[in-house]
Every structure is written in C-alpha cells, then in structure tokens.
Amino acid sequence: SLARVRLHISFEDENSLGPGKAQLLEGVRDLGSISKAARAMGMAYRHAWLLLDDLGRCFGGPLVAGQTGGRSGGGASLTPLGVEVLRRFRALERATKKAAETQLRALEELRAKRR
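Residues numbered from 1 in each chain as written. Predicted model: local features only at pLDDT ≥ 70, side-chain atom pairs only at ≥ 80, totals over all residues. Heavy atoms only, no water.

**Student:** Whenever I open this one, the overall build of the protein chain confuses me. Can you help?
**Tutor:** A tally of regular secondary structure across the protein chain gives 4 helices and 4 strands. When the helices and strands of the protein chain are read in sequence order from the N terminus, they spell out β-β-α-α-α-β-β-α. A compact globule built from 115 residues would reach a C-alpha radius of gyration of about 13 Å, whereas the protein chain, at 17 Å, exceeds it by more than 25%. Across its three principal axes, the protein chain shows a C-alpha extent of roughly 60 × 30 × 20 Å. A buried classification covers 36% of the 115 residues belonging to the protein chain. For the protein chain, contacts bridging at least 24 residues in sequence account for 51% of all contacts bridging at least 6. Separation of charge centres in the protein chain, based on 20 positive and 12 negative side chains, amounts to 6 Å. (Helix = DSSP H or I, 4+ residues; strand = E, 2+ residues; numbered from the N terminus. Rg over C-alpha atoms; globule rule 2.2 N^0.38 Å. Buried < 20%, exposed > 50% of the residue type's maximum accessible area, 1.4 Å probe, protein only. Contact = heavy atoms within 4.5 Å. Lys, Arg positive; Asp, Glu negative; His and termini not counted. Charge placed at Lys NZ, Arg CZ, Asp CG, Glu CD.)

Here it is as structure tokens:
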C-alpha cells in the first residue's frame with residue numbers, strides 16, 4: 001500500500017513527539033553525538049539541541065546526556081528516560097500502523113477505482 005500513517009503526538013502543553021524527534025534520538029543513540037545525529041538528518045546542531053531541550057521539558061528531565069570532551073572528544077547518549085520514551089514511541093507507532101492497515105487498504109482501493 002502506498003498510503004501510510006505518520007504518528008505525531010501533541011501534548012496539552014504544546015510539546016510534541018513525532019518521527020523526526022524519534023529519529024534524532026535514534027541518531028544520538030547510534031552515533032553517540034548530537035552534532036553527528038543532526039548532520040545525518042541535515043539539520044543544524046542548534047536546531048537539534050532545541051528539539052532535545054523541548055523533549056526534556058516535555059518529559060520533565062533530559063533524554064540525552066552529554067559528556068564533555070577529553071582526549072576522545074565529547075559525545076552524547078540517551079538517558080534511561082530517553083531510551084524509554086523512544087521505545088514507547090516506536091511501539092505506539094507500530095501498533096498504530098497495524099491498526100490502520102485494513103482502513104488504509106480500503107482507502108487505496110477507493111482511490112484506485114476513481115482514477
């Protein structure tokens with residue numbers, strides 16, 4: 001099916017969590033650096049930092065912990081809260097996609113009949 005559902009969660013305090021922030025968290029987890037994660041997504045470090053700061057305010061604590069540079073340089077990793085938020089978002093995303101499959105297929109069939 002060509003149609004797909006994108007999960008974007010809006011919280012009452014105007015904070016949000018969606019695929020972009022989840023991808024940024026995964027980038028920090030996989031690349032060990034906010035700047036590398038930002039670069040991989042084609043965004044400025046400052047924008048990535050602001051998104052992560054927004055998530056921290058949303059969930060009441062940092063989702064990413066930075067290490068100051070030494071001989072090996074700085075870096076960053078997910079905090080236990082960051083790991084949990086990412087895990088739950090991806091699980092909710094999978095559940096949403098699974099729940100939507102039948103209706104998306106029906107919508108695709110309706111489109112196909114009309115084209």
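After presenting the structure, the write-up continues.
**Student:** Please clarify how helix H4 (residues 80–114) should be interpreted in this entry.
**Tutor:** An α-helix turns once per 3.6 residues; consequently, residues spaced three or four apart project the same way. Counted at 1.5 Å a residue, the expected span for H4 with its 35 residues is 51 Å, and the 49 Å between its end C-alpha atoms agrees. Remark: the principal bend of H4, roughly 50 degrees, maps to Glu 101. What H4 keeps buried is the set Gly 82, Val 85, Leu 86, Phe 89, Arg 90, Glu 93, Ala 100, Leu 104 and Glu 108. Looking at the buried positions of H4, the neighbouring elements they touch are strand S1 (9–10), strand S2 (16–17), helix H1 (19–31), helix H3 (45–59) and strand S4 (75–78). (Expected span 1.5 Å × (residues − 1). Bend = angle between axes of the 7 residues up to and from the residue.)

**Student:** Please explain the side chain of Thr 79 as it appears in this structure.
**Tutor:** Relative to the helices and strands, Thr 79 resides in the loop between S4 and H4. Overall, the relative accessible area of 13% leaves Thr 79 in the buried class.

**Student:** Would you explain the environment of Lys 98 in this entry?
**Tutor:** Among the structural elements, Lys 98 can be located in helix H4. As for Lys 98 and Leu 31, which are separated by 67 residues in sequence, their C-alpha atoms are 29 Å apart.

**Student:** So what exactly am I meant to see when it comes to the packing of H1 against H3 here?
**Tutor:** Running from N to C, H1 and H3 cross one another at 105 degrees; their axes reach a closest spacing of 11 Å. Relative to H3, the element H1 lies roughly perpendicular. Counted together, Lys 21, Leu 24, Leu 25 and Val 28 of H1 and Ala 48, Leu 51, Leu 52, Asp 54 and Leu 55 of H3 form the full contact between these two elements. Taken together, the residues of the contact of H1 with H3 sort by class into 7 nonpolar, no polar and 2 charged. (Axes fitted to C-alpha atoms, helices over the stretch in contact; angles between N-to-C directions. Parallel < 35°, antiparallel > 145°, perpendicular 65-115°, else oblique. Nonpolar A, V, L, I, M, F, W, Y, C, P; charged D, E, K, R; others polar.)

**Student:** Would you mind showing me how to read unusual backbone geometry here?
**Tutor:** If a residue is not glycine, its phi is most likely negative; likewise, a peptide bond is most likely trans. Positive phi outside glycine occurs at Glu 14, with the angle close to 75 degrees. Along the chain, Glu 14 turns up in the loop between S1 and S2.

**Student:** How should the pattern of salt bridges be read in this particular structure?
**Tutor:** Any two side chains of opposite charge can pair, given that their charged atoms come close. Tallying each qualifying case throughout the model produces 9 salt bridges. Where Asp 53 meets Arg 57, a salt bridge forms, and the shortest distance between an N and an O atom there is 2.5 Å. Residue Asp 53 and its partner Arg 57 are located together in helix H3, separated by 4 residues, close to a single helical turn. The partner of Glu 84 in a salt bridge is Arg 87, with the nearest N and O atoms 3.2 Å apart. Separated by 3 residues within a single helix, Glu 84 and Arg 87 lie in helix H4, roughly one turn from each other. Among the residues examined, Arg 87 registers a relative accessible area of 46% and is labelled partly exposed. Several salt bridges converge on common partners, so that one network encompasses Lys 21, Asp 53, Asp 54 and Arg 57. (Salt bridge = Lys/Arg side-chain N within 4 Å of Asp/Glu carboxyl O.)

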